[in-house]
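Chains, contacts and geometry: an overview
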Amino acid sequence: MPPIPLFDAHCDTVSACLARGEALRENGGHLDLARLTAYARAAQVFAVFADGAALPPGTLPAEARRQRDFFAAELSASGDIAMPCRTGDDIRAANAAGKVACLLSVEGGELLDCDPAALEEAKAWGVRCVNLTWNHANALSGSHAEDPDRGLSDVGRAFVREAERLGILIDVSHLSDAGFWDLVSMTSRPIVATHSDARAVCPRSRNLTDDMFRAIRDSGGAAGLNLYTPFIGGEGMDAVLRHVDRFLSLGGERCLCLGLDLDGCSALSGGLRGVQDVPLLWEALSERGCGSALLEDIFFNNLLRVLA
């Protein structure tokens, strides 16, 4: 099979590399820049992430800066194969030069001290999307796992408005259901769920209900397929394809993308061991009857459209 395109909305490779003392260019995890160069076009959103419960109080913003600095230094050291990007034009330019387009996100508003004013700094880093919460509830909202009935606070709404003013997308993966619908009620901008599956297929709170997926679709946003086995609900490729089928049945041809959660989870479904195996998913979808135009949209174009 000839090389395929790949644009993935979420990985935790930055924090994983720092924890292991490894580099972004080549490492022993799920993903590295060298492996991404095997794709016809490659773009990857790298998350800044840390579990606040595992760090001393008040240190999360400093940890976020440490990860951002690592990301910048690693891309500078691999400038022959990778390029930091912010816009659609940047992504296209990187790919035209034969380089991996690398973007940045922040997974959890607590990494920015839940402060709307801190979004200016995130914008300067090149951050394109921010999760309001990770698994822990914070000052912005409840999460899917803590205070799931609590929606956006006043500061959460101010955070959303400032992010939108700066052109930063709001990522609803990990958010409480109440927070999700509060966001829908107040925004006219595209919403992204960078790494969430279908709750109708696997009934986990991290997954999207059909109505949530429709709301993301109608916002002009995107939802990224997550390979984490507990969210897929099975280990085999058929289990993965059930989520794709569900989202496509909801009119997701222009909304579904990839958000594989590489280096953010231990157990991947579909027989994938890392980013090098993503062509297995393309091949399985092709055998299922997905045409090349639809596959190009799911694997690259849909996410590019939202981020452009």
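Scroll up to find the structure this text is about.
Bear in mind that the values here come from a model prediction, so they are computed numbers and not experimental data.

The next thing to look at is the packing of aromatic side chains. Applying the stated rule across the entire model yields seven aromatic pairs. Positioned above the aromatic ring of Phe300 is the side chain of Arg41, whose terminal nitrogen or guanidinium carbon lies 4.1 Å from the ring centre.

As a further point, take the packing of helix α4 (residues 88-96) against helix α12 (residues 292-307). Two elements in contact, α4 and α12, have axes whose closest approach is 8 Å; the angle formed by their N-to-C orientations is 135°. Judged on the interaxial angle alone, α12 and α4 are oblique. Here α4 contributes Gly88, Ile91, Arg92 and Asn95 to the contact with α12, which in turn contributes Phe300, Leu304 and Leu307. For the contact of α4 with α12, the per-class residue count stands at four nonpolar, two polar and one charged.

This next bit is on the nonpolar core. Within the largest apolar cluster, 85 residues are counted, with the highest numbers of intra-cluster contacts made by Leu33, Phe46, Leu112, Leu258, Val278, Leu281 and Phe299. Per-element accounting of this core gives the leading share, seven residues, to helix α10 (residues 237-249). Setting aside chain neighbours within four positions, we find Leu112 in contact with Val106, Ala118, Leu119, Ala122, Trp125, Val130 and Phe159. Within the second largest apolar cluster, 19 residues are counted, among which are Ala9, Ile91, Cys129 and Val192.

Attention now moves to the environment of Leu258. The topology assignment puts Leu258 in strand β9 (residues 256-258). Its relative accessible area of 1% is what places Leu258 among the buried residues. Once the C-alpha coordinates of Leu258 and Val278 are considered, the two residues, 20 residues apart in sequence, prove to be 10.0 Å apart. With residues near it in sequence (within four places) discarded, Leu258 still touches Leu6, Phe7, Asp8, Ala9, Thr194, Gly224, Leu225, Val278, Leu281, Ile298 and Phe299.

Tracing the backbone through its elements, the reader meets Asn131 in strand β5 (residues 127-131). Ignoring sequence-local partners within four residues, the contact set of Asn131 consists of Val106, Glu107, Gly108, Gly109, Asp171, Ser173, His174 and His195.

A few words now on the pairing of strand β4 (residues 100-107). Side chains on a regular strand alternate between the two faces of the sheet. The element β4 is extensively covered by neighbouring structure, given that eight of its eight residues are classed as buried. With burial as the criterion, each face of β4 is covered, one bearing Val100, Cys102, Leu104 and Val106 and the other bearing Ala101, Leu103, Ser105 and Glu107. Here six bridges tie strand β2 (residues 41-48) to β4, and the two strands are oriented parallel to one another. Residue pairing for β4: Ala47 is matched across the bridge by Ser105. In terms of strand pairing, strand β3 (residues 82-84) meets β4 through three bridges, oriented parallel. Within β4, the residue paired with Pro84 across the bridge is Cys102.

Cut-offs and rules
- Residues numbered from 1 in each chain as written.
- Predicted model: local features only at pLDDT ≥ 70, side-chain atom pairs only at ≥ 80, totals over all residues.
- Heavy atoms only, no water.
- Phe/Tyr/Trp six-rings, centres within 6.5 Å; stacked < 30°, edge-to-face > 60°.
- Lys NZ or Arg CZ within 6 Å of the ring centre and 35° of its normal.
- Axes fitted to C-alpha atoms, helices over the stretch in contact; angles between N-to-C directions.
- Helix = DSSP H or I, 4+ residues; strand = E, 2+ residues; numbered from the N terminus.
- Parallel < 35°, antiparallel > 145°, perpendicular 65-115°, else oblique.
- Contact = heavy atoms within 4.5 Å.
- Nonpolar A, V, L, I, M, F, W, Y, C, P; charged D, E, K, R; others polar.
- Core = buried A, V, L, I, M, F, W, Y, C linked by side-chain atoms within 4.5 Å.
- Buried < 20%, exposed > 50% of the residue type's maximum accessible area, 1.4 Å probe, protein only.
- Pairing = 2+ DSSP bridges.

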